[in-house]
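# Residue-level structure breakdown
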Amino acid sequence: MKRVKVGVAGYGVIGIRLADGVAAQQDMELVGVADVTPTLSVRALAQRGMPYKMFNAAPGSDAMAQAGIPVSGSFEELVQECDIILDSSPGGIGAKNKEIYAKHNKKAVFQGGEKNEVADVFFHGYANYEKGIGQQFLKLTSCNTTGLIRAVDMIDRTVGAQKVAITIVRRVADPGDYHRGLTNALQLEKAPSHQAEDLMTIMPHIPCTGILVHTPVTHGHIITVIVTPGKKIEKKELWEMAEAHPRIMCVRMADGFLGNASMFRWARDLGNPRGDMYEIALWEESIVKSGDDIMFAINIPQESVVIPESIDAVRAAMKMQTAREDGTAETNKYLGMK
């Protein structure tokens, strides 16, 4: 079986997880990863014996060599060796990297930090897989939008969704980040949130609006979602939909899942690397009815939730599977999801 050759640009919070996710796909080959400086993540890779080849994305710089990091070539050489690049470099850098991808006629998938204009299609593995088939440049949704769309798409495909309203309780920074400062405050963003607008870009037939609140925590976002379904559904029906979804974990407060920190501890106790979870979690006790509307809360593990949809994007762009059900099923199988 010929495997699709994939590279990862940017070995940071998302990039380290993309590399692991691609390496787990038996029909893909991880050619290598690229970064510009010997960050802690890069140094840790070297300490692990360099399971992935490192390519230097800073032309003329010998910072990697000075830090004792083995380098296998330049970033452009990595691009030339690959069929497709998963670009997880900082926002704005991906647009510059696109010039290199276009120069060598390579495909690329950009993360949510880039502007939509960088890509041919704004992509989600479940909601619009077909639109990514054969495209050269795809862009993923943000972590919150990725998880939100999973939940809304689940309802929409089953009974339809007439409109959606959300409130996002958003972690302010990733674990280990210092650039946001030390705070003891909540900060409200002007409505509607970009996640609501992004959902409508992916799913234009569903009106959506929302509010976002930044919170001084680092492990996970929580989104409350109110959906007006196409036909009346009961709480039990929503729960059964979620239980059947491969990328949704159904949890109960009664079992100890009290909030975002419970999810991180659960994943860590399972032995998941870095305490990662690919699934969003939906709380049974959060499901309530208001007339015909149904409301529930989901947890978004921001560091790892976009990995499955990123791999879906590779499958679509490379025409590995041309049906949504087949592409997402292959990704789920290799990532060990239900």
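See above for the structure.
Note that this is a predicted model, so its numbers are computed, not measured.

Once that is clear, we can look at the packing of helix α1 (residues 15–23) against helix α10 (residues 307–317). At a minimum axis distance of 10 Å, the contact between α1 and α10 shows a crossing angle of 55°. Judged by the inter-axis angle, α1 sits oblique to α10. At the point where α1 passes α10, the crossing takes the right-handed sense. Where α1 abuts α10, its residues Arg-17, Leu-18, Gly-21 and Val-22 lie against Ile-307, Ser-310 and Ile-311. Within the contact of α1 with α10, the residues separate by chemical class into four nonpolar, two polar and one charged.

What follows is about the pairing of strand β5 (residues 107–110). Alignment of strand β4 (residues 84–87) against β5, held across four bridges, turns out to be parallel. Within β5, the position partnered with Asp-87 by the bridge is Phe-110.

Pairing in this open sheet of seven strands is parallel, and the strands run β3-β2-β1-β4-β5-β7-β6 from one edge to the other. The outermost strands of the open sheet, each flanked by one partner alone, are β3 (54–56) and β6 (121–123). When the angles between neighbouring strand axes are averaged without regard to direction, this sheet yields 25°. On the sheet, α10 packs against β1 (4–9), β2 (28–35), β4, β5, β6 and β7 (137–140) and is oriented at approximately 160° with respect to β7.

Before going further, it helps to spend a moment on the nonpolar core. Residues Val-225, Leu-238, Phe-296 and Ile-298 are the most contacted members of the largest nonpolar core, which totals 75 residues. Sort the elements by how many residues they give to this core and helix α6 (residues 143–159) lands first, with eight residues. Among all residues touching Ile-298, those that are not within four sequence positions of it are Gly-147, Leu-148, Ala-151, His-221, Ile-222, Ile-223, Val-225, Ile-280, Ala-281, Leu-282 and Trp-283. Formed by 15 residues, the second largest nonpolar core is a distinct cluster that contains Phe-75, Ala-108, Val-118 and Phe-137.

What counts and what doesn't
Within each chain, residue numbers correspond to sequence positions counted from 1 in written order. Residue-level local features of this predicted model are given only where pLDDT is at least 70; pairs of side-chain atoms are given and counted only at 80 or more, and the full residue set underlies all totals for whole chains, interfaces and linings. Computation of side-chain values: all heavy atoms of the structure, hydrogens and water removed. Axis geometry follows a simple rule: fit a line to the C-alpha atoms, using only the stretch in contact for helices, then measure angles between N-to-C directions, giving values from 0 to 180 degrees. Each helix is a run of DSSP H or I of at least 4 residues and each strand a run of E of at least 2, with the numbering of both proceeding from the N terminus. Every angle not falling under 35 degrees, over 145, or within 65 to 115 is termed oblique; those three ranges are roughly parallel, roughly antiparallel and roughly perpendicular. A crossing counts as left-handed when the near helix is turned anticlockwise from the far one by less than a right angle, and as right-handed when that turn is clockwise. The contact definition used throughout considers only heavy atoms, calling two residues in contact when any of these lie within 4.5 Å. Charged residues are taken to be Asp, Glu, Lys and Arg, nonpolar residues to be Ala, Val, Leu, Ile, Met, Phe, Trp, Tyr, Cys and Pro, and polar residues to be all remaining types, Gly included. Two strands pair under a simple rule: DSSP has to find at least two bridges between them. The term nonpolar core refers to a set of buried residues drawn from Ala, Val, Leu, Ile, Met, Phe, Trp, Tyr and Cys, joined through side-chain atoms within 4.5 Å. Each residue is assigned to one of three classes by its accessible area relative to the maximum for its type, calculated with a 1.4 Å probe on protein chains only: buried under 20%, partly exposed between the two thresholds, exposed over 50%.

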